[in-house]
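The chain contents come next:
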Amino acid sequence: MKNITLLGATGSIGKSTLSVVDLHSDQFNIFALSSNTNWQQMLELCNKYQPNYAVMVDEQSAEKLSNAVITDIQVLSGTQALDKVAAHQDTDFVMAAIVGAAGMSSALCAAKAGKRIMLANKESLVLSGDIFMKAVAEFNAELIPVDSEHSAIFQCLQSGRSGLNKIQLTASGGPFLNTSISKLKSITPDQVCAHPNWSMGRKISVDSATMMNKGLEVIEAHYLFSIVPEQIDVVIHPQSIVHSSVYYKDGSTLSQLGNPDMRTVISYAMSYPQRINSGVAALDLTNVPALEFYQPNFERFTCLKLAFEALNKGGNAMITMNAANEIAVEHFLNHQIGFLDIPKIVDQTLSTMKHTTPNSLDEVVNNDLVARETTREIIKQYE
Ligand code: NAD
Ligand code: MG
């Protein structure tokens, strides 16, 4: 039996994780659950899974949950509680599925405690890739990607890295691949969050439409697979059936295919190196739409260009880009700025912030905070 700490239990990845756990309750036990503010949904989950710990980051929500649970589940609050349940000696696997920079500290704690980290929170690597990968190696942690592209590459690379030429991330291109720029100006948050292939949280849905998500994933791939930016390629594939590919010197290309459903990725992270039923229907190649592949247009998808530039620049550029994006997306979701303002704000923040090279986690966190403040100042021109 493996004990799982599920961080971000009330989110999209959290729900899919629980549905895989439901299929294999003889193999996996929910040890701890976390959520930010949604205590009502956490109450339902607590009643069903009876975890040892339930963490509500928000203090008032923790109090409400604590008053409502009837069994002896320990309800904790605050970000330190996330770190605690991630590193707890009784947990085996940590699903890091909190959205944004808020997920970094607990994921890093899981790494330092030598856990199997099932990493959905790509922002951890964007902010602290070097520190994170060093901790994974030093504390003998196991890092399994929970991102469809990176899981695909991870699976393809099981055949080895000898003669590896490049990896290629597929991108759906989001819901507005062919929408005219003039129409994009007035796109609403709800339109953005209606992704054609994947059902995801609101922040990553916006990132998917701007292709910042692919930009973050390029950086994620760089750290996960220790590969230089020149060997990372992006191809638009609107059907989301081919999840990513690796290319070898001998002309061979390996790809991983499947229906677009994160339960495949999650179950693989939970069962690796074995495979278990995920609840996802088998792919029927005779019954899928024609598979198309295009070069991404870097002028249209400025965020993807900015991410490659930030990766090449190194230092604090990736932290700044991520912070600016999180703030801009939040403002877009709150109807305070337009969709097309997001890349402009990220670009402007990157040119405003001084280039530095953070060497410690404290410096990373500080840069993240300063970049957020800088973005908030810049956004005032757009509201
Ligand atoms: P979501 O918005 O659906 O859920 C986010 C979860 O994080 C919720 O449980 C919420 O309570 C918690 N949370 C939010 N803010 C928090 C904070 N400040 N502190 C602590 N907890 C907080 O998001 P999601 O779509 O499940 O995505 C989660 C992560 O997985 C993201 O990093 C995303 O990039 C990554 N990811 C998601 C998908 C997908 O299909 N949804 C695919 C690949 C990667
Ligand atoms: Mg992805």
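See the structure shown above.
From a predicted model like this one, the values you see are computed outputs, not experimental measurements.

What counts and what doesn't
Residues numbered from 1 in each chain as written. Chains lettered and ligands numbered in written order. Predicted model: local features only at pLDDT ≥ 70, side-chain atom pairs only at ≥ 80, totals over all residues. Heavy atoms only, no water. Donors = N, O, S within 2.8 Å, 3.2 Å for Na, K, Ca; no water. Helix = DSSP H or I, 4+ residues; strand = E, 2+ residues; numbered from the N terminus. Buried < 20%, exposed > 50% of the residue type's maximum accessible area, 1.4 Å probe, protein only. Pairing = 2+ DSSP bridges. Right-handed = clockwise from strand over helix to strand, strands pointing away. Near = heavy atom within 4 Å. Polar contact = N/O pair within 3.5 Å; in protein donor to acceptor, adjacent residues only side chain to side chain. Areas by Shrake-Rupley, 256 points an atom, 1.4 Å probe, with all protein chains shown as cover. Nonpolar A, V, L, I, M, F, W, Y, C, P; charged D, E, K, R; others polar.

Draft legend 1. Main features of the coordination of the magnesium ion (ligand 2). Around the magnesium ion (ligand 2), the protein contributes the donor atoms Asp147 (OD), Glu149 (OE) and Glu217 (OE), at 2.1 Å from the metal centre. The sequence pattern formed by the donor residues of the magnesium ion (ligand 2) is D-x1-E-x67-E. One end of the pair, Glu149, is in helix 7 (residues 148-156); the other, Glu217, is in helix 11 (residues 212-224), and 68 residues separate them in sequence. Relative accessible area serves as the criterion here: at 7%, Glu149 is assigned to the buried category. With a relative accessible area of 1%, Glu217 lands in the buried category.

Draft legend 2. Up close: unusual backbone geometry. For the bond running from Tyr272 to Pro273, omega is 5 degrees, close enough to zero to count as cis. Look at His335: it is not a glycine, yet its phi comes out positive at around 60 degrees. On the secondary structure map, His335 appears in the loop between helix 14 (317-333) and helix 15 (341-352).

Draft legend 3. View of the pairing of strand 6 (residues 116-119). Both faces of strand 6 are covered, namely the face carrying Arg116 and Met118 and the face carrying Ile117 and Leu119. As paired strands, strand 5 (residues 93-96) and strand 6 are joined by four bridges and run parallel to one another. By the bridge assignment, Met95 is partnered in strand 6 with Met118. Once you follow strand 5 into helix 5 (residues 104-112) and on to strand 6, the crossover reads as right-handed. Both strand 6 and strand 7 (residues 142-145) contribute to a ladder of four bridges, which runs parallel. Its bridge partner being in strand 7, Arg116 is matched across the sheet by Glu142. For the crossover from strand 6 across helix 6 (residues 123-138) to strand 7, the handedness is right-handed.

Draft legend 4. Representation of the site of ligand 1 in the model. Inspection of the region around ligand 1 gives 23 residues, with Thr10, Ser12, Asn36, Glu123 and Gly201 positioned closest. Contacts to ligand 1 include Ser35, whose side-chain N or O atom sits 3.3 Å from an oxygen atom. The separation between an oxygen atom of ligand 1 and a polar main-chain atom of Gly201 is 2.9 Å. For ligand 1, the accessible surface in isolation is 830 Å², of which the surrounding protein chains cover 86%. Here the residues of the shell around ligand 1 sort into 12 nonpolar, eight polar and three charged.

Remember that the coordinates give geometry; whether it matters functionally is a separate question.
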